[in-house]
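One-letter residues, chain by chain:
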Amino acid sequence: MPRTTPARPIDIEAVFPELREHTSIATRLHPRPGCPGPTDSSAGGPLLWPDDEPWPVCTAPHRKSRGELLDNVRARRRILDAAWSRQEPAGPTDEERERLASLNKRSKYAPELSDDAPIPMLPVLQLFRGDVPALGFPDGKDVLQILWCPFDAHGEGNEIDVRLVWRNSTLTSTQLTEVPEIKVVGRGGYVPDACVLQPEQIIEHQTFELLPEALQESLEEWEDWDNEESPHYQYDLSVAPGWKAGGFASWHLTGPQRMVCDCGAPMQLLVTIDSKEWDNGSLSWRPVEDAETPAHGISTPTRVVVGRAGALRIFVCTIDASHPHRINEQ
Ligand SMILES: [Zn+2]
Ligand SMILES: [Zn+2]
């Protein structure tokens, strides 16, 4: 089923025509649980991967005996899905609660793994150019693949280790069938549920703090914070939440930061991986098809949790997307 962003609560460009100069095309990816194949765009699905190409690994040391068993992460989700999809009574039974508690226990699950054993990276996102035509791909490439290490803390900035692979789909003749997987992950939030995507192009407006000052002032005067029904520029009319390709980045936690490539060129937002598809405080982004669906888990289809339920944004060079990327969390 396609997903459609509702009509904006107000045509803000009619009120402030100068906003037309501050727009960008974003593609909301609308991940929803499903069974994608290696030739589909997906979140947490199988990647198109030649069987003679090494699978990426993280070699940073992590305390592998302290994580969560991948099987437990998945078992917990299956129990919760079953519990909340029941009509009456919805929610876990006593027996399910006991089982969940036993799965939540932390233990030395993989004492045989040394802390510096290489970790196979987890597939996070695969995008075929045909599904995200507004996104710039390097010459000769038509697939973008994103993988990450399922443990925290890499490098000086304690960052998530994210790998980008740009691929030419016609050069994969024999598909890798046995994808290496690690037994233990640092946090369950790094494990995306397999989701199909229903990409939808929308127009975004620049995040409030990056608009010209005069326009910021006009918007502030126009906003009516005393009226709960009245839309707000930043939350309802500017930058879409959720997983998306392209568009603008919101800087609601830190304020705007300049993202510059090592080559000196400015960087642009490539992809956003979000812990939520929309916020219940701002339903203007909830797809119309999801308005009637029971609430449990509907806005968290991938079950990915970035940091403290924030968003991971991946930026690439505006001159050459194959230059090293940078990431930022909000
Ligand atoms: Zn790692
Ligand atoms: Zn560059």
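Conventions and cut-offs
- Residues numbered from 1 in each chain as written.
- Chains lettered and ligands numbered in written order.
- Predicted model: local features only at pLDDT ≥ 70, side-chain atom pairs only at ≥ 80, totals over all residues.
- Heavy atoms only, no water.
- Pairing = 2+ DSSP bridges.
- Helix = DSSP H or I, 4+ residues; strand = E, 2+ residues; numbered from the N terminus.
- Donors = N, O, S within 2.8 Å, 3.2 Å for Na, K, Ca; no water.
- Tetrahedral: all angles 85-135°; square planar, octahedral: opposite > 155°, others 65-115°.
- Buried < 20%, exposed > 50% of the residue type's maximum accessible area, 1.4 Å probe, protein only.
- Axes fitted to C-alpha atoms, helices over the stretch in contact; angles between N-to-C directions.
- Domains from an automatic or database assignment.
- Buried area = accessible area lost by both parts, 1.4 Å probe.
- Salt bridge = Lys/Arg side-chain N within 4 Å of Asp/Glu carboxyl O.
- Polar contact = N/O pair within 3.5 Å; in protein donor to acceptor, adjacent residues only side chain to side chain.
- Nonpolar A, V, L, I, M, F, W, Y, C, P; charged D, E, K, R; others polar.
- Arc of directions from axis to C-beta.
- Core = buried A, V, L, I, M, F, W, Y, C linked by side-chain atoms within 4.5 Å.
- Contact = heavy atoms within 4.5 Å.

A. Representation of the sheet that holds strand S11 (residues 195-196) within the structure. The 6 strands are arranged S2-S11-S3-S7-S8-S9 in an open sheet whose pairing can be described as antiparallel. Two strands in the sheet have a free side with no partner beyond their single neighbour: strand S2 (32-33) and strand S9 (162-167). Bridging between strand S3 (residues 42-43) and S11 involves 2 bridges; their strand directions are antiparallel. Bridge pairing links Ser-42 to Val-196 in S11.

B. Expanded view of the coordination of the zinc ion (ligand 2). Within the protein, the zinc ion (ligand 2) binds to Cys-261 (SG), Cys-263 (SG), Cys-317 (SG) and His-323 (ND1); these donor distances fall in the range 2.0 to 2.3 Å. If you look at the zinc ion (ligand 2), its 4 donor atoms make angles of 106 to 112° with each other, and the shape they trace is tetrahedral. All donors of the zinc ion (ligand 2) belong to a single chain; written as a sequence motif, their spacing is C-x1-C-x53-C-x5-H. According to the relative accessible area criterion, Cys-261 is buried, its value standing at 5%.

C. Geometry of the coordination of the zinc ion (ligand 1). With distances of 2.0 to 2.3 Å, the protein atoms coordinating the zinc ion (ligand 1) are Cys-58 (SG), His-62 (NE2), Cys-149 (SG) and His-154 (NE2). In primary sequence terms, the donor set of the zinc ion (ligand 1) follows C-x3-H-x86-C-x4-H. Assigned by exposure class, Cys-58 and His-62 land together as buried.

D. Region of the structure containing the sheet that holds strand S12 (residues 200-205). Ordered by their spatial adjacency, 6 strands build an open sheet running S12-S1-S13-S14-S15-S16, and the pairing between neighbours is antiparallel. With partners counted over all chains shown, the strands left at the sheet margins are S12 and strand S16 (326-329), one partner each. Taking each pair of neighbouring strands and ignoring which way they run, the sheet shows an average axis angle of 25°.

E. Expanded view of the domain arrangement of the chain. The domains assigned to the chain are domain 1 (1-30 + 198-330) and domain 2 (33-67 + 106-195). Taking both sides of the interface into account, the surface hidden between domain 1 and domain 2 amounts to around 2,000 Å²; carbon and sulfur atoms contribute 73%. Our enumeration of links across domain 1 and domain 2 arrives at 1 salt bridge. Note that Arg-303 and Asp-193 form a salt bridge whose closest N and O atoms lie 3.0 Å from each other. Taken together, domain 1 and domain 2 are joined by 5 residue pairs in polar contact (both at pLDDT 80 or more). The set of elements that each furnish at least two residues to the side of domain 1 that touches domain 2 consists of strand S1 (23-28), strand S13 (244-246), strand S14 (267-274), strand S15 (311-317) and S16. Partitioning the side of domain 1 that touches domain 2 into residue classes produces 17 nonpolar, 7 polar and 2 charged.

F. Highlighting helix H4 (residues 213-222). Of the residues making up H4, those classed as buried are Leu-215, Gln-216 and Leu-219. Projected down its long axis, H4 carries its buried residues within an arc of 105°, all on one side. In H4, those exposed residues whose orientation departs by more than 90 degrees from the buried face are Glu-213, Ala-214 and Glu-221.

G. The arrangement of the nonpolar core in detail. Within the largest apolar cluster, 51 residues are counted, with the highest numbers of intra-cluster contacts made by Leu-125, Leu-127, Leu-144, Ile-146, Trp-148 and Ile-273. When contributions to this core are tallied by element, the ones reaching two or more residues are helix H2 (70-85), strand S7 (122-128), strand S8 (143-148), S9, strand S10 (184-185), S14 and S15. When residues of this core are assigned to domains, at least three fall in each of domain 1 (1-30 + 198-330) and domain 2 (33-67 + 106-195). Those residues within four positions of Leu-125 in sequence are excluded, and the remaining contacts are Leu-29, Ser-42, Ala-43, Gly-44, Leu-47, Leu-144, Gln-145, Ile-146, Leu-197, Trp-243 and Val-271.

H. Here's a closer look at unusual backbone geometry. Phi angles above zero are rare outside glycine, and Arg-303 is one such case at about 65°. On the secondary structure map, Arg-303 appears in the loop between S14 and S15. Phi is positive for Ala-309, which is not a glycine, with a value near 60°. As for its placement among the helices and strands, Ala-309 is situated in the loop between S14 and S15. Judged by relative accessible area, Ala-309 falls into the exposed class, the value being 54%.

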